[in-house]
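# Remarks on the overall topology
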There are 2 protein chains.
Amino acid sequence: MVEAAMECFHERGFNGTGIQDIARTAGVPKGSVYNHFDSKEALAAEVMDRYAVSRKMEMLRDETLAPVPRIRAHFEYLAADLERFSFERGCMFGNFGMELSNQSAMIRGKVDTGLRLWTSAVTEVLEEARAEGALATALTPDQLGRFLVNAWGGAVLRAKVAGSRAPVDGFFEVFDSLVA
Amino acid sequence: MVEAAMECFHERGFNGTGIQDIARTAGVPKGSVYNHFDSKEALAAEVMDRYAVSRKMEMLRDETLAPVPRIRAHFEYLAADLERFSFERGCMFGNFGMELSNQSAMIRGKVDTGLRLWTSAVTEVLEEARAEGALATALTPDQLGRFLVNAWGGAVLRAKVAGSRAPVDGFFEVFDSLVA
């Protein structure tokens, strides 16, 4: 049921999805959704937890790769995931962050926490890179980590609007210029 | 009525806003909204046109400022506009792009066109900067223009989720490092 909800929310947004849509996608009666979740918001919170796990933050701690290629591999993983849906669904953090920040303190908190954890993980790898002398830019790992995560979010949004991979490719071009 | 709709859509999103909300904000009866607009989507399209004008793209053609300070002044204008609502409303291009790209081809087209025009305008000023030798980075004006506009969108999203100016400040730090 959480999978079905994720699919609906991801494609149509929170306010664009009815409990009936989720029940239909899951192949269960509408009432059984409410047997498991108090509200659509509670279900969305569960979806966010599951989505966060699917982002594979642990890739950023894979020390078999050097720091910069490791960060790049993580963004490439995310890009491949977006490409499954022709970049048309975007990222759930961005989608829910945009749509629900003013509507649900719970969802906003989950998005904020997810983005903070991700930013920290990226920044730590950038600190490794700097320690190894593998970071050319004068920006600090902290400045760069925050910027990369936010710039990624913007590229994903643009890819969604354009229905094209080009903005994500543009992100990698600047990544290679800034980080490598 | 378009102003009232913009306020509602900006704060609560498209799907989170009812025609009744717009009528109440405008201080008119619900029926009179439908007298002027065939659908909520048609009203949203009108809102997007008005919002695009309020972005003051013409600032990018103000030749009394040198190219790099001119681009910075434009982003500062946008930041000040976001700050009026404590960064909590975000940018309508981003909001509608996220929420409606899969729901309305008309709105998606307006967002896509708006972002393309803005990107072109920024890129043209970056080309001026390059011609004057005022652009340090090895990136092309085209790469940089596309990246800056997308990174801005991501920073605005993050500011909305965090309810804080910090991501926008981070954008300016990297702007100064990349562009100046």
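Here the residue numbers are simple positions, counted from 1 along each chain's written sequence. Note on labels: chains are lettered from A, ligands numbered from 1, in written order. Local features in this predicted model are restricted to residues whose pLDDT is 70 or higher, and side-chain atom pairs enter the listing and the counts only when it is 80 or higher, whereas totals over whole chains, interfaces and linings include all residues. Heavy atoms from the whole structure form the basis of all side-chain values; hydrogens and water molecules are not counted.

## A short note on the layout of surface pockets
- A cavity, in this analysis, means grid points on a 1 Å lattice covering only the protein atoms where a 1.4 Å probe fits yet has no way out; a pocket is instead an open set bounded by protein on both sides within 12 Å along at least five of seven lines, and a residue lines either one if it has an atom within 4 Å of a point. Grid points are joined across faces, edges and corners, and a volume is the space filled by probe spheres set on the points. The computed volume of the largest pocket comes to approximately 300 Å³.
- Contributions of two or more residues to the lining of the largest pocket are made by α7 (105-131) and α8 (141-162) of chain A together with α8 (141-162) and α9 (166-179) of chain B.
- When residue character is reported, Ala, Val, Leu, Ile, Met, Phe, Trp, Tyr, Cys and Pro are called nonpolar, Asp, Glu, Lys and Arg charged, and the others, Gly included, polar. Taken together, the residues that form the lining of the largest pocket break down as nine nonpolar, six polar and four charged. The helix count covers DSSP runs of H or I at least four residues long, the strand count covers runs of E at least two residues long, and both are numbered beginning at the N terminus.

## Quick look at the relation of the copies chain B and chain A
- Fitting of the copies onto one another was done by least squares over C-alpha atoms, counting residues only where both copies have pLDDT of at least 70. Mapping chain B onto chain A calls for a screw motion: a turn of 180 degrees about the axis and a shift of 0.0 Å along it, with 0.0 Å RMSD after fitting. Taken together, the rotation and translation describe the operation of a two-fold axis.
- We call two residues in contact whenever any of their non-hydrogen atoms come within 4.5 Å of each other. A high fraction, 100%, of the interface residues of chain B reappear at the interface in chain A, so the copies pair face to face through one surface.

## Quick notes on the pattern of salt bridges
Residue and element names in this part refer to chain A.
- Just to be clear on terms, a salt bridge is a Lys or Arg side-chain nitrogen sitting within 4 Å of an Asp or Glu carboxyl oxygen. The final tally for this structure, using the stated rule, is 30 salt bridges over all chains.
- A salt bridge links D142 to R146; the nearest nitrogen and oxygen atoms lie 3.3 Å apart. You can see D142 and its partner R146 sitting in helix α8, four residues apart, about one turn around the helix.
- On the basis of relative accessibility, which here comes to 37%, the residue D142 falls in the partly exposed class. Categorising residues by exposure relies on relative accessible area from a 1.4 Å probe, with only protein chains included: less than 20% of the type maximum marks a residue as buried, more than 50% marks it as exposed, and the intermediate range marks it as partly exposed.

## What about the UniProt feature "domain: HTH tetR-type" (unreviewed entry) in chain A?
- In this structure's numbering, the residues bearing the UniProt feature "domain: HTH tetR-type" (unreviewed entry) are residues 1-55 of chain A.
- Secondary structure content for residues 1-55 of chain A is 75% helix and 0% strand, and the end C-alpha separation is 20 Å. UniProt positions are given in the numbering used here, feature names are shortened, and annotations may be inferred rather than shown by experiment.

## Focus: the domain arrangement of chain A
All names here are of chain A.
- Domain limits in this description derive from either an automatic procedure or a database domain assignment. Partitioning chain A into domains gives domain 1 (1-44) and domain 2 (55-178).
- The straight-line distance from the C-alpha centre of domain 1 to that of domain 2 is 27 Å.
- Accessible-area loss on putting two parts together, using a 1.4 Å probe and summing over both, is the definition of buried area adopted here. Among the residues domain 1 hides against domain 2, the three largest losses belong to H10, F14 and E41. Together they make up 54% of the total.
- For the pair domain 1 and domain 2, the number of links is one salt bridge.
- N or O atoms within 3.5 Å of each other form a polar contact, as long as, within protein, one can give a hydrogen and the other can take it, and as long as residues adjacent in sequence are counted only when both atoms are side-chain atoms. Put simply, domain 1 and domain 2 have six residue pairs in polar contact (both at pLDDT 80 or more) between them.
- Ranked by residue count, the leading element in the side of domain 1 that touches domain 2 is helix α1 (residues 2-12), at four residues.
- Partitioning the side of domain 1 that touches domain 2 into residue classes produces four nonpolar, four polar and three charged.

## Looking at unusual backbone geometry
Residues and elements named next belong to chain A.
- Even without glycine at this site, K56 takes up a positive phi of about 55 degrees.
- Mapped onto the elements of the fold, K56 is located in the loop between α4 (40-54) and α5 (67-83).
- Look at S86: it is not a glycine, yet its phi comes out positive at around 50 degrees.
- Structurally, S86 can be placed in the loop between α5 and α6 (92-100).
- S86 gets classed as partly exposed once you look at its relative accessible area, which sits at 43%.

## Remarks on the nonpolar core
- Residue types Ala, Val, Leu, Ile, Met, Phe, Trp, Tyr and Cys, when buried and joined through side-chain atoms within 4.5 Å, form a set referred to as a nonpolar core. The biggest cluster of nonpolar side chains holds 124 residues, and the ones touching the most others in it are W152(A) and W152(B).
- Discounting residues that sit within four places of it in the chain, W152(B) has contacts with F75(B), L78(B), A79(B), L82(B), W118(B), V168(B), F171(B) and F172(B).

## Concerning the state of the cysteines
- Here, two cysteine sulfur atoms that lie within 2.5 Å of each other are counted as a disulfide. This structure, assessed with the given rule, holds zero disulfides over all chains.
- A disulfide-free cysteine, C91(A) has its sulfur positioned 18 Å from the sulfur of C91(B), the nearest such atom.
- In this structure C91(A) comes out as buried when scored by relative accessible area, which is 16%.
- The thiol of C8(B) is not disulfide-bonded; the next cysteine sulfur, from C91(B), is found 18 Å away.
- Given the relative accessible area of 1%, C8(B) is considered buried.

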